[in-house]
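Structure assessment
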Amino acid sequence: MSSRPLRVATRGSALARAQTGHVVAALHEATGVEIDVVIITSEGDRSKESLASLGGTGVFASALREALTAGECDMIVHSLKDLPTAPYRGLTIGAVPEREDPRDALCSRDGLMLDELPEGARVGTGSPRRMAQLLALRPDLEIVDIRGNVDTRLARVRDGDLDAVVLASAGLARLGRLDAASELFALDIWPTAPGQGALAIEIREGDSIPELLSIEHSATRTAVLAERSVLAALEAGCAAPIGATAAVTGDLLELSATVYQPDGAAELGCERSAELLGDDHLVADLLGQAVATQLLEDGAAEIAPLSGRGPEESA
Ligand SMILES: NCc1[nH]cc(CCC(=O)O)c1CC(=O)O
């Protein structure tokens, strides 16, 4: 048996390193395999341009994928929500570990909740979905377009420049910063990005890395497949103002998705479920398509720019 360590590639942000560290530890603990971590800087990390102007879905993923394709590493740990829904030639998702809390968190000065923020408070987010959700509940807020990693964003609240920011609680948890959260938004009023809180381990198609079975969580994979299927069927990028949340309970897959008008003044929702009695991945895919079809019939394309193609946020 070869004793060459597996090489895992990750972006260099604190969040990316933290989540890769968790995956490496879980793989090592379950199988004893030795793993080297390779840090790869992407255009999305280097550029100071706004995410929207960088264009292309997957600006964070592409450098990593080129390295994987070129054999410079054996797998990549991605935040699943940053991964474009389109398949990438020669690569496949080798494992989806159990998802962290998919909810968004409000991180505000003095621990205020959303409805306690002062009139006209300045709240930072670079995500059109979060902007619409904030404005839907608090049309008086001033939304400030920000980017940067989690620490940079939290610092803008601490320094008094912003009253609050909205971040994924999963990212805060992985960085040990959940203490910064003042409110966690319930998914039924505040669905989050497809795949939020989940990781994807991407590998080359045809490679066999049996160790990955030890971290695969099939209920998470099925749920995120359903969420991403909505996005794909709407032909929407991960920056489109869409929330989707799916969960598997026993044999039941439940999916709900909401499309927002960017100013928060209108929204469309759809909720469906399906029994998992055979090919779970096919059922998830079809359920997502059914939800997307219903949303389009109800006028989703009229209220939302569905082709928002940038990454939802950087971190
Ligand atoms: N696009 C940025 C990004 N990608 C993944 C996370 C958080 C962790 C996750 O959702 O898995 C974040 C930060 C954020 O949205 O606050």
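Quick notes on the rules
- Residues numbered from 1 in each chain as written.
- Predicted model: local features only at pLDDT ≥ 70, side-chain atom pairs only at ≥ 80, totals over all residues.
- Helix = DSSP H or I, 4+ residues; strand = E, 2+ residues; numbered from the N terminus.
- Rg over C-alpha atoms; globule rule 2.2 N^0.38 Å.
- Buried ≥ 20, exposed ≤ 12 C-beta atoms within 10 Å, placed from the backbone.
- Pairing = 2+ DSSP bridges.
- Axes fitted to C-alpha atoms, helices over the stretch in contact; angles between N-to-C directions.
- Contact = placed C-beta atoms within 7 Å.
- Expected span 1.5 Å × (residues − 1).
- Arc of directions from axis to C-beta.
- Core = buried A, V, L, I, M, F, W, Y, C linked by C-beta atoms within 7 Å.
- Left-handed = near helix turned anticlockwise from the far one by under 90°.
- Nonpolar A, V, L, I, M, F, W, Y, C, P; charged D, E, K, R; others polar.
- pLDDT = per-residue confidence, 0-100.

1. Overview of the overall build of the protein chain
- If you tally the helices and strands in the protein chain, you get 10 helices and 13 strands.
- Taking 20 Å as the expected radius of gyration for a compact globule of 315 residues, we find that the protein chain reaches 19 Å, a close match to that expectation.
- Counting only C-alpha atoms and orienting by the principal axes, one finds that the protein chain spans roughly 65 × 45 × 35 Å.
- Within the protein chain, the fraction of its 315 residues that count as buried is 50%.

2. A word on the sheet that holds strand β10 (residues 199–204)
- Taken in spatial order, the 5 strands make up an open sheet running β2-β1-β3-β10-β4, and their pairing is mixed. Two strands lie at the open edges of the sheet, namely β2 (35–39) and β4 (91–95), each paired on one side alone. Shown here is a sheet whose adjacent strand axes are inclined to one another by a mean of 35 degrees, direction ignored.
- As defined by bridge partners, strand β1 (residues 6–10) adjoins strand β3 (residues 75–79) across 2 bridges and the pair is classed as parallel. Residue Ala 9 lies in a different strand from β3, and its bridge partner there is Ile 76.

3. Things to note about the sheet that holds strand β13 (residues 267–275)
- Pairing is antiparallel in the open sheet, where 3 strands are placed in the order β11-β12-β13. Only two strands of the sheet have a single neighbouring strand rather than two, namely β11 (242–249) and β13. The average angle at which neighbouring strand axes cross in this sheet is 10 degrees, direction not considered.
- Of the pairings in the sheet, the one linking strand β12 (residues 252–260) to β13 comprises 9 bridges and is antiparallel in character.

4. Some words on the environment of Leu 175
- Counting through the fold element by element, Leu 175 comes out in the loop between α7 (169–174) and β9 (183–184).
- A tally of 21 C-beta atoms within 10 Å means that Leu 175 is categorised as buried.
- When the C-alpha atoms of Leu 175 and Gln 19 are compared, they prove to be 8.4 Å apart, with 156 residues separating the residues in sequence.
- With residues near it in sequence (within four places) discarded, Leu 175 still touches Ala 14, Leu 15, Ala 18 and Val 150.

5. Structural notes on helix α9 (residues 280–297)
- With 18 residues, α9 should reach 26 Å at 1.5 Å per residue; the first-to-last C-alpha distance of 26 Å fits that figure.
- Buried residues of α9: Asp 280, Ala 284, Leu 287, Gly 288, Val 291, Ala 292 and Leu 295, and no others. Across the axial projection of α9, the buried residues extend over an arc of 135 degrees, all falling on one side. Exposed positions of α9 whose direction lies more than 90 degrees from the buried face are Leu 282 and Glu 297.
- One or two positions beyond α9, positive phi appears at Gly 299, with a value near 105 degrees.

6. Some points on the nonpolar core
- Cys 107, Val 165, Ile 201, Leu 234 and Leu 295 are the most contacted members of the largest nonpolar core, which has 83 residues in total.
- With 7 residues, the single largest contributor to this core is helix α8 (residues 218–233).
- Excluding anything up to four places from it in sequence, Cys 107 contacts Leu 154, Val 157, Ala 164, Val 165, Leu 167, Ala 180, Ala 181 and Ser 182.

7. A look at the packing of α8 against α9
- As a packed pair, α8 and α9 sit with axes 7 Å apart at the nearest point and diverge in direction by 35 degrees. When you trace α8 past α9, the crossing you get is right-handed. Contact with α8, carried on its side by Ser 218, Thr 222, Leu 225, Ala 226, Glu 227, Arg 228, Ser 229, Val 230 and Ala 233, involves Asp 280, His 281, Ala 284, Asp 285, Leu 287, Gly 288, Gln 289, Val 291, Ala 292 and Thr 293 of α9 and no other residues of that element.
- When the residues that make up the contact of α8 with α9 are grouped by side-chain class, the tally is 8 nonpolar, 7 polar and 4 charged.

8. Digging into the confidence of the model for the protein chain
- Across the protein chain, pLDDT averages 92, with 91% of residues at or above 70.
- For residues 52–56, every residue scores under 50 in pLDDT, and the model assigns this stretch 10 contacts once sequence neighbours within four places are set aside.
- Interface confidence for the predicted complex, expressed as ipTM, amounts to 0.96; the pTM equals 0.92.

9. Some remarks on unusual backbone geometry
- Non-glycine residue Asp 110 carries a positive phi angle of around 65 degrees.
- In this fold, Asp 110 is placed in the loop between β5 (104–108) and β6 (122–124).
- At Glu 235, a position not held by glycine, the phi torsion is positive, near 50 degrees.
- Examined against the element boundaries, Glu 235 turns out to sit in the loop between α8 and β11.

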